[in-house]
Amino acid sequence: MPASTQRPPRFLQACRGEAADRTPIWLMRQAGRYMAEYRALRAKHSMLEVIRTPELAAEITLQPINAFDLDAAIIFSDILPPLTGMGLDLEFVKGHGPRLNNPIRSTYAIDVLATPPAAESMGGTLDAIRLVKPELEARGVPLIGFAGAPFTLASYAIEGGGSKTYAQTKTMMYTEPAAWKRLMNKLVTVVADLLAEQARAGVDVLQVFDSWAGALGRLDYIRYVQPYNRVLYQRLEKIGLPVINFSTGTAAYLDAVAEAGGDVVGVDWRLPLDAAWSRIGPGRAIMGNLDPVTLFAPWRELRHHVADVLQRAAGRPGHIFNLGHGILPETPVDAVRRLVDYVHEQTAVGAVEEV
Ligand code: CP3
């Protein structure tokens with residue numbers, strides 16, 4: 001156990017690009033519906049209730065840590081609740097996902113968005129961090145704090161939910177560039193403050209989720225998103241914790257995504273890990289990049305995919321094993337356990353099995 005030795009936890013070593021005794025692994029959305037313990041708790045409490053009640057959020061944060069040999073915990077929350085403090089009415093609709101009932105449809109709606117301090121609007125999550133941290137520290141497991149990236153949050157705020165085309169978001173961006181700038185700057189302020197407060201509350205690493213940045217072409221990413229992400233990562237650098245810059249669907253401009261900042265770049269499965277790493281640059285750590293759907297495959301197929309990721313990482317320091325996007329609700333628990341143990345086994349002696 002890392003706690004009983006002098007070594008820092010392997011996840012923190014990998015975030016800093018340092019060699020670790022094994023490849024660390026955690027899974028995005030590791031606390032969630034694929035676990036019976038989670039479903040049992042959610043049957044009694046709504047999503048927002050869970051997020052706003054520190055005892056419940058702390059309990060769910062620990063569920064995957066109790067079940068699997070994971071190298072990091074992520075605080076149970078969501079990227080969308082900070083939008084409620086800005087004046088948007090968020091609801092998690094059963095069987096449908098998140099919905100903002102008063103989406104932004106005018107430049108006026110952007111002007112009236114509030115930017116309250118996170119200590120006021122996200123107190124439940126900050127208290128959950130304070131509550132769960134000592135428990136994790138005792139087990140030698142670092143805690144990740146997180147927030148949505150400005151573009152991904154803007155897309156929810158404007159579309160009112162998920163979208164296939166992001167037509168309203170892009171139309172706002174193209175038609176009202178000055179208002180877009182005000183919106184993105186407000187989101188940078190809110191996200192930077194939230195992450196700084198999470199750091200003060202005790203998290204060890206910060207992750208920024210730009211899940212839907214891949215909706216953009218290279219030109220638009222560089223013009224309408226990258227400048228704000230750059231400012232955000234510059235502010236986060238001052239906090240002094242490792243920062244993970246995660247996005248999906250951005251293979252066509254991964255260099256530009258990485259250039260925006262962050263110590264670790266999270267990548268999806270669309271590029272092989274070694275190709276992604278060379279685009280990110282050798283000096284950076286990388287997180288990824290197993291397709292979450294491979295967890296539904298028979299073990300021989302899943303193992304083949306896992307081994308491929310490990311072979312491409314080739315034992316280089318600075319690889320954090322993860323999925324390329326969040327774990328899916330119906331994922332078999334046995335496949336998760338097998339994956340986590342296999343990554344540790346295969347990287348323990350430096351020998352990667354040929355499959
Ligand atoms: O374990 C963890 O990773 C921590 C918790 C976490 C949740 N959401 C809990 C959640 C994290 C890190 C998130 C991030 C998040 N939320 C993202 C970025 C990551 C990604 O997957 O792209 C996004 C885009 C959201 C927005 C969101 N929240 C959607 C689209 C949905 C509905 C679809 C879905 O995946 O369920 C949610 C709800 C949500 N957030 C659930 C959980 C466990 C499901 C709630 C339930 O029905 O119990």
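Residues numbered from 1 in each chain as written. Predicted model: local features only at pLDDT ≥ 70, side-chain atom pairs only at ≥ 80, totals over all residues. Heavy atoms only, no water.

Peer 1: With reference to specific residues and values, describe unusual backbone geometry.
Peer 2: With glycine set apart, most residues show a phi of negative sign, and most peptide bonds adopt trans. The residue after Gly288, namely Asn289, is reached through a cis peptide bond having omega -10°. Looking at the element boundaries, Asn289 is found in strand S8 (residues 285-290). Phi at Tyr166 takes a positive value of approximately 55°, unusual for a residue other than glycine. Look at Tyr166 and you get buried, because its relative accessible area is 7%. (Helix = DSSP H or I, 4+ residues; strand = E, 2+ residues; numbered from the N terminus. Buried < 20%, exposed > 50% of the residue type's maximum accessible area, 1.4 Å probe, protein only.)

Peer 1: So what about the pattern of salt bridges? Which residues, and what values?
Peer 2: With the rule as written, the count across this model stands at 15 salt bridges. Two residues, Arg99 and Glu91, come together in a salt bridge whose shortest N-O distance is 3.6 Å. Of the residues examined, Arg99 reaches a relative accessible area of 34% and is grouped as partly exposed. The exposure class of Glu91 is partly exposed, given its relative accessible area of 32%. With a closest N to O distance of 3.0 Å, Asp308 and Arg312 form a salt bridge. Taken together, the residues Asp308 and Arg312, both in helix H15 (residues 299-313) and 4 residues apart, mark about one turn of the helix. For Asp308, a relative accessible area of 31% gives the class partly exposed. The exposure class assigned to Arg312 is partly exposed, which follows from its relative accessible area of 30%. Three or more residues are tied together by salt bridges with common partners; here these are Arg10, Asp21 and Asp71. (Salt bridge = Lys/Arg side-chain N within 4 Å of Asp/Glu carboxyl O.)

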